[in-house]
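Fold and geometry: a report
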Amino acid sequence: MSVRTLPLLFLNLGGEMLYILDQRLRAQNIPGDKARKVLNDIISTMFNRKFMEELFKPQELYSKKALRTIYERLAHASIMKLNQASMDKLYDLMTMAFKYQVLLCPRPKDVLLVTFNHLDTIKGFIRDSPTILQQVDETFRQLTEIYGGLSAGEFQLIRQTLLIFFQDLHIRVSMFLKDKVQNNNGRFVLPVSGPVPWGTEVPGLIRMFNNKGEEVKRIEFKHGGNYVPAPKEGSFELYGDRVLKLGTNMYSMNQPVETHMSGSSKNLASWTQESIAPNPLAKEELNFLARLMGGMEIKKPSGPEPGFRLNLFTTDEEEEQAALTRPEELSYEVINIQATQDQQRSEELARIMGEFEIMEQPRLSTSKGDDLLAMMDEL
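Structural notes, computed from the coordinates. Computed from a prediction, not measured in an experiment: that's the story for all the values here. (Residues numbered from 1 in each chain as written. Predicted model: local features only at pLDDT ≥ 70, side-chain atom pairs only at ≥ 80, totals over all residues. Heavy atoms only, no water.)

1. Looking at the overall build of the chain
For the record, the criterion: Think of it this way: any DSSP run of H or I at least four residues long counts as a helix, any run of E at least two long counts as a strand, and we number them from the N terminus. Three exposure classes are used, based on accessible area relative to the maximum for each residue type with a 1.4 Å probe and protein chains only: buried under 20%, partly exposed in between, and exposed over 50%. We call two residues in contact whenever any of their non-hydrogen atoms come within 4.5 Å of each other. Surface exposure here means Shrake-Rupley accessible area, sampled with a 1.4 Å probe, where a residue is shielded only by the protein chains that are shown.
Within the chain, the secondary structure is distributed over 14 helices and 8 strands. Within the span of the chain, comprising 379 residues, buried residues form 47% of the whole. Long-range pairs, those at least 24 residues apart, make up 81% of the contacts in the chain between residues at least 6 apart in sequence. Here the chain has roughly 19000 Å² of accessible surface; of this, 51% comes from carbon and sulfur atoms.

Quick look at the structure:
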């Protein structure tokens, strides 16, 4: 397991979250000023300097539920509110999209290009906010400094760590099914055509050498694919042509995207095990959340500006039905961390634990028009 995986996982999932929210804000005809405020507030929180400092510290990955808690805080960093079913769907779409991108990366190092594609698009959302742009550019410089000198083997370990994190997720996404890149069982279809990884040759030729290193024979074979040489290597600079399209905004065309449970018993069993099995890293996981959430500066909206509810489903009825039919094993609503009491627990950690306890209390109001201020009071 690579201790350098978490920043790449967080930034790419965060990029996918912003793509989806942007698409739904447009689909629900949210006024432009409110939509910009939501994206600006979330991006500003996501790239907060203290938060990034904690994120870039070498550390192991933690559970899907722990990370999902961070994204729920991010999604509610502005005047927008998501119901539980919409938040579940948002996280499903985020994780399946990035899993697809990691699987299709030509080289392990290209996961960095995928990250840069996300950052490039995020910068487009905040082109009129120079202060937030500076935060994103600073994160880009950190990525270049930390990952620019890693070897191919280190990137392979990062990719392997990501794939282990995603290995039990087989949620069907309508867009992937329509494009025939995902099967009905939720597994992705790997292509046997297109450009080969940069620095490699199109398969189909075997060269034989003698003990002096001289080529003495060539044998051609049919590889069964339709491969072509890579046109050029993607740019790892602040501005440049990434070449690779993985990580760009696939929701730029306004179309609904649905998710469906694959029904795999193995998948459900795996998630059930994660939900109820004793977690030997529970205490470390809670410390991780305390550090990251402590670095998040969630600013309450000032003034009388009302909040609004964003629905990731086409209708309210679909959202309500999804909440009722979602398997309990796949619910992320509460993080169940059993940690023993520690007399030396920091005040920061105690504060976060208190927030978890409050999150478990039933909300007093079920009105869909509740604004963010009311929700934040409950945290």
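We are not done yet, so read on.
2. A look at the pattern of salt bridges
Worth spelling out the cut-off: Salt bridge, as applied in this entry: a Lys or Arg side-chain nitrogen positioned within 4 Å of an Asp or Glu carboxyl oxygen.
Taken as a whole and judged by the stated rule, the model has 15 salt bridges. Residue arginine 68 pairs with aspartate 88 through a salt bridge whose shortest N-O separation is 2.9 Å. Note that arginine 68 is positioned in helix α4 (residues 64–75) and aspartate 88 in helix α5 (residues 84–104), a separation of 20 residues in sequence. A relative accessible area of 1% places arginine 68 in the buried class. The class of aspartate 88 is buried, set by a relative accessible area of 4%. One salt bridge connects arginine 141 with glutamate 138, and the closest N-O pair in it is separated by 3.4 Å. Of the two residues, arginine 141 and glutamate 138 both sit in helix α7 (residues 130–147), 3 residues apart, roughly one turn of that helix. With relative accessibility at 40%, the residue glutamate 138 sits in the partly exposed group. Through salt bridges with shared partners, a single ionic network connects Glu201, Arg207, Glu215 and Arg218.

3. Details of the packing of aromatic side chains
We count it as follows: Pairing of aromatic side chains here covers Phe, Tyr and the six-membered ring of Trp, requires ring centres within 6.5 Å, and sorts the geometry by plane angle: under 30 degrees stacked, over 60 edge-to-face, intermediate tilted. Ring-over charges, as used throughout, are those where CZ of Arg or NZ of Lys falls within 6 Å of the ring centre and within 35 degrees of the ring normal.
Under the defined criterion, the tally for this structure stands at 11 aromatic pairs. For the pair phenylalanine 10 and tyrosine 71, a centre-to-centre distance of 5.3 Å together with 15° between the ring planes defines the contact as stacked. Here tyrosine 71 lies in helix α4 and phenylalanine 10 lies in helix α1 (residues 6–27), a separation of 61 residues in the sequence. Each member of the pair, phenylalanine 10 as well as tyrosine 71, carries the same accessibility label: buried. Between tyrosine 71 and tyrosine 91, the ring centres sit 6.2 Å apart and the planes meet at 45°, which makes this aromatic pair tilted. Residue tyrosine 71 is located in helix α4, and its partner tyrosine 91 is located in helix α5; the two are separated by 20 residues in the primary sequence. Connected via pairs of aromatic rings, a cluster forms that spans Phe10, Phe51, Tyr71 and Tyr91. Directly above the ring of phenylalanine 165 sits lysine 64, whose terminal nitrogen or CZ lies 5.1 Å from the centroid.

4. Structural notes on the pairing of strand β5 (residues 215–220)
Here is the rule: One bridge is not enough; two strands pair if DSSP finds at least two bridges between them.
With 0 of its 6 residues buried, β5 lies for the most part at the surface. Here strand β4 (residues 205–209) runs beside β5; their pairing, made up of 5 bridges, is antiparallel. Across the sheet, residue phenylalanine 209 finds its bridge partner in β5, namely glutamate 215. Taking the residues between adjacent antiparallel strands as the criterion, β4 and β5 are bridged by 5 residues, where glycine 213 takes a positive phi near 85°.

5. A short note on the packing of helix α6 (residues 110–125) against α7
Rules: Throughout, an axis means a line fitted to C-alpha atoms (over the contacting stretch in the case of helices), and angles, computed between N-to-C directions, take values from 0 to 180 degrees. Every angle not falling under 35 degrees, over 145, or within 65 to 115 is termed oblique; those three ranges are roughly parallel, roughly antiparallel and roughly perpendicular. Lys, Arg, Asp and Glu make up the charged group, whereas Ala, Val, Leu, Ile, Met, Phe, Trp, Tyr, Cys and Pro make up the nonpolar group; the residues left over, Gly among them, are polar.
Following both chains from N to C, one finds α6 and α7 inclined at 170°, their axes separated by 10 Å at the closest point. On the basis of their axis angle, the class for α6 and α7 is roughly antiparallel. In contact with Leu112, Thr115, Phe116, Leu119, Ile122 and Lys123 of α6, α7 contributes Leu133, Val136, Asp137, Phe140, Leu143, Thr144 and Tyr147. Considering only residue class, the contact of α6 with α7 consists of 9 nonpolar, 2 polar and 2 charged.

6. Comments concerning the nonpolar core
We count it as follows: Within this scheme, the nonpolar core is defined by two criteria: the residues are buried Ala, Val, Leu, Ile, Met, Phe, Trp, Tyr or Cys, and they are joined through side-chain atoms within 4.5 Å.
Counting residues in each nonpolar core, the largest one holds 78 residues, and the members touching the most others are Phe10, Tyr71 and Leu90. Among the elements that line this core, the one with the most residues is α1, at 12 residues. Apart from residues no more than four positions distant in its own chain, leucine 90 is found in contact with Met17, Ile20, Leu21, Ala75, Leu82 and Leu312.

7. Section: α7
Using the following cut-off: To estimate how far a helix should extend, the number of its residues minus one is multiplied by 1.5 Å.
The end-to-end C-alpha distance of α7, which contains 18 residues, comes to 25 Å, matching closely the 26 Å that a straight helix rising 1.5 Å per residue would cover. On its buried face, α7 sits against α1, α2 (32–46), α3 (49–55), α6 and α8 (152–166).

8. A few points about the packing of α1 against α6
Test applied: Throughout, a crossing is termed right-handed when the near helix is turned clockwise from the far one, and left-handed when it is turned anticlockwise from it by less than a right angle.
Close contact between α1 and α6 brings their axes to 9 Å; oriented N to C, the two are set at 40°. Judged on the interaxial angle alone, α6 and α1 are oblique. Both α1 and α6 take part in a crossing whose hand is left-handed. Of α6, the residues touching α1 (which contributes Leu8, Leu11, Asn12, Gly15, Glu16, Leu18, Tyr19 and Asp22) are Val111, Leu112, Val114, Thr115, Asn117, His118, Thr121, Ile122 and Phe125. Looking at the contact of α1 with α6 residue by residue, the class counts come to 9 nonpolar, 6 polar and 2 charged.

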